[in-house]
There are 2 protein chains.
Amino acid sequence: MDTSSSARHTPETRSRILDAAEGLFVEHGFEATSMRMITSQAGVNLAAVNYHFGSKDALIQEVFRRRLTDLNRQRLAMLERLESEAGGAPLKPSRIVEAFFGTALAMAADTEHGGHTFMRLLGRTYTEPNAFVRQFLAEEYAEVLERFLGALYGALPDVPREEILWRFHFMMGAMSYAIAGTDALQLFAGKFDDADPARMLPRLMSFLLGGLRAPLPDYTGLAVKARRGGREAA
Amino acid sequence: MDTSSSARHTPETRSRILDAAEGLFVEHGFEATSMRMITSQAGVNLAAVNYHFGSKDALIQEVFRRRLTDLNRQRLAMLERLESEAGGAPLKPSRIVEAFFGTALAMAADTEHGGHTFMRLLGRTYTEPNAFVRQFLAEEYAEVLERFLGALYGALPDVPREEILWRFHFMMGAMSYAIAGTDALQLFAGKFDDADPARMLPRLMSFLLGGLRAPLPDYTGLAVKARRGGREAA
DNA sequence: GTCTATAAGTGGATAGAC
DNA sequence: GTCTATCCACTTATAGAC
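Residues numbered from 1 in each chain as written. Chains lettered and ligands numbered in written order. Predicted model: local features only at pLDDT ≥ 70, side-chain atom pairs only at ≥ 80, totals over all residues. Heavy atoms only, no water.

For chain A, an unreviewed UniProt entry supplies the name TetR/AcrR family transcriptional regulator and the organism Pseudothauera nasutitermitis.

Here we take up helix H5 (residues 93–109) of chain B. Helix length check: H5 of chain B (17 residues) gives 23 Å between terminal C-alpha atoms against 24 Å at 1.5 Å per residue, within 8%. Of all the bends in H5 of chain B, the greatest, near 30°, is centred on Ala-99 of chain B. (Helix = DSSP H or I, 4+ residues; strand = E, 2+ residues; numbered from the N terminus. Expected span 1.5 Å × (residues − 1). Bend = angle between axes of the 7 residues up to and from the residue.)

With that settled, the discussion passes to the nonpolar core. One broad trend across soluble globular proteins is that nonpolar side chains are buried collectively. Ranked by internal contacts, the top residues of the largest apolar core, which has 153 residues, are Tyr-141 of chain A together with Tyr-141 of chain B. Setting aside residues up to four positions removed in sequence, Tyr-141 of chain A forms contacts with Leu-68, Leu-71, Asn-72, Arg-75, Phe-100, Leu-122 and Tyr-126 of chain A together with Leu-187 of chain B. (Core = buried A, V, L, I, M, F, W, Y, C linked by side-chain atoms within 4.5 Å. Buried < 20%, exposed > 50% of the residue type's maximum accessible area, 1.4 Å probe, protein only. Contact = heavy atoms within 4.5 Å.)

Applying the stated criterion to the full structure yields 26 salt bridges over all chains. Salt-bridge contacts for Lys-191 of chain B lead to Glu-146 of chain A; the nearest nitrogen and oxygen are separated by 2.9 Å. A residue pair is termed interchain when its members come from two chains, as with Lys-191 of chain B in the loop between helix H8 (161–181) and helix H9 (197–212) and Glu-146 of chain A in helix H7 (residues 131–155). A salt bridge links Glu-80 of chain B to Arg-147 of chain B; the shortest N-O distance between them is 3.4 Å. Residue Glu-80 of chain B is located in helix H4 (residues 56–86), and its partner Arg-147 of chain B is located in helix H7 (residues 131–155); the two are separated by 67 residues in the primary sequence. Judged by its relative accessible area of 27%, Arg-147 of chain B is partly exposed. Several salt bridges converge on common partners, so that one network encompasses Asp-19, Glu-22, Arg-66 and Arg-67 of chain A. (Salt bridge = Lys/Arg side-chain N within 4 Å of Asp/Glu carboxyl O.)

As a further point, take the interface of chain B and chain A. Listed per partner, the contact involves 79 residues of chain B and 73 residues of chain A. Between chain B and chain A lies a buried interface of about 6800 Å² when both sides are counted; carbon and sulfur atoms form 67% of it. Counting across the chain B and chain A interface gives four salt bridges. Across the salt bridge formed by Glu-163 of chain B and Arg-203 of chain A, the nearest N and O atoms sit 3.0 Å from each other. (Buried area = accessible area lost by both parts, 1.4 Å probe.)

Residue and element names in this part refer to chain A. If you trace the backbone, Thr-13 turns up in helix H1 (residues 13–28). Taking the relative accessible area as the measure of exposure, Thr-13 reaches 15% and is therefore buried. Beyond its immediate stretch of four places on either side in the chain, Thr-13 contacts Val-44, Ala-48 and His-52.

Cross-referencing UniProt, the feature "DNA-binding region" (unreviewed entry) maps to residues 34–53 of chain A in the present numbering. Across residues 34–53 of chain A, helical content stands at 75% and strand content at 0%; the span's end C-alpha atoms are separated by 15 Å. (UniProt positions renumbered as here; feature names shortened; annotations may be inferred.)

So, on to the environment of Met-37 of chain A. Residue and element names in this part refer to chain A. By the secondary structure assignment, Met-37 is in helix H2 (residues 35–42). When the C-alpha atoms of Met-37 and Leu-24 are compared, they prove to be 7.9 Å apart, with 13 residues separating the residues in sequence. Excluding its chain neighbours within four sequence positions, the residues that come into contact with Met-37 are Leu-24, His-28 and Ala-32.

Compared with an ideal rise of 1.5 Å per residue, which puts 21 residues at 30 Å, helix H8 (residues 161–181) of chain A spans 30 Å between its outermost C-alpha atoms and is within 8% of the ideal. The buried fraction of H8 of chain A amounts to 20 of the 21 residues, a majority that puts the element mostly inside the structure.

The structure is reproduced here in structure tokens:
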């Protein structure tokens, strides 16, 4: 944000800190990453973080804002292009899904400029315990989420909105694991022969669309009251 | 609350600590949860954790082991029952998926004995940065994962194993978000009208099976280079 | 803008009384 | 097994020199 001409002498310190923080947050999480780790990784002085960002929390926020603004702008632009091309007609669900998740996967495929690192971080942060981070993320996402859900409601008029909502949520979970799984997860470690990022998009898209267009669930036979305790053996 | 006023003997100190830790880990994460928070929530002395478990890391491990052993035993028992019922014939994919994810959702529906709390924690922990936690989880899951993947390979002989592997991974992501989403996520906050846990199983199952049985992705037009590990699927 | 030094506080872990 | 009192490594954040 600081664009004063006198600050020209150290133009990199800010972004060096952001890059270092991004990488360390992915590797260790927010709490386990100390200011000392960040500044030493970035090759800057310990006090620089507080000078440039004010606090650790503000730094975390800026790590997300810097990339998320761009990602969500891309998403909205893509959706608007689809809508103007369709000229009032309902969009194909596959195009909507691709506009939302394809942009994310494109960013995740960029290993050179930190996009991959960031998307791993983002995927995990949806379920982040830190309340302030979740709150901030929800605000950053509010508009784009509203727009894409609205587009899906229009594209799938026969599917109850509640189901679309849940399925969109499931899709976000699948995507997070898709990105995390290529290198972060130990669970499937050594099992994947083919983790080519270029194949991830068609791979994930098939799965997502299959799930989105699946037959609606059958709720008949469910007790009205929620059952609890899975212990029972019929 | 206080059961005995005379003797401060608390034979259940261990489990009180485990319960408190489980809840606080979900709410704040491992790093942000201090021993002092845990012991004060459990109503026991600070030193009790180190006496009973040895260290904070060992406590974390025990929080998982206590429930995961049971969950995975249920899963394997369910799978074995399916296999013995089928008598050598290949299983239906839907039954396999239900055996794995249905047991997890049943545990997540149990809000009274902490199952719900634990499943939220578990879902997040697959992508946990803490290496020691991930490693431990991978070991706990090794057998059950091997067995269920094998069953799916047999049930879907025409689908390349690599695709099944990825899709299973996607399914786990969807399930994690399904469980987390009912109360942890802020992103969709206020949007869900119907978060009835009893409806979650059919809801999620439709999505998962739709994704698992989706048409295979079309890789034509993608560059074949940049593959690692070298094994080519025929 | 960058640095050193330090303040003010929290973390996990333990020794030793009971 | 449970408790108190404590150790000290390590945290974020800041004051003030350059």
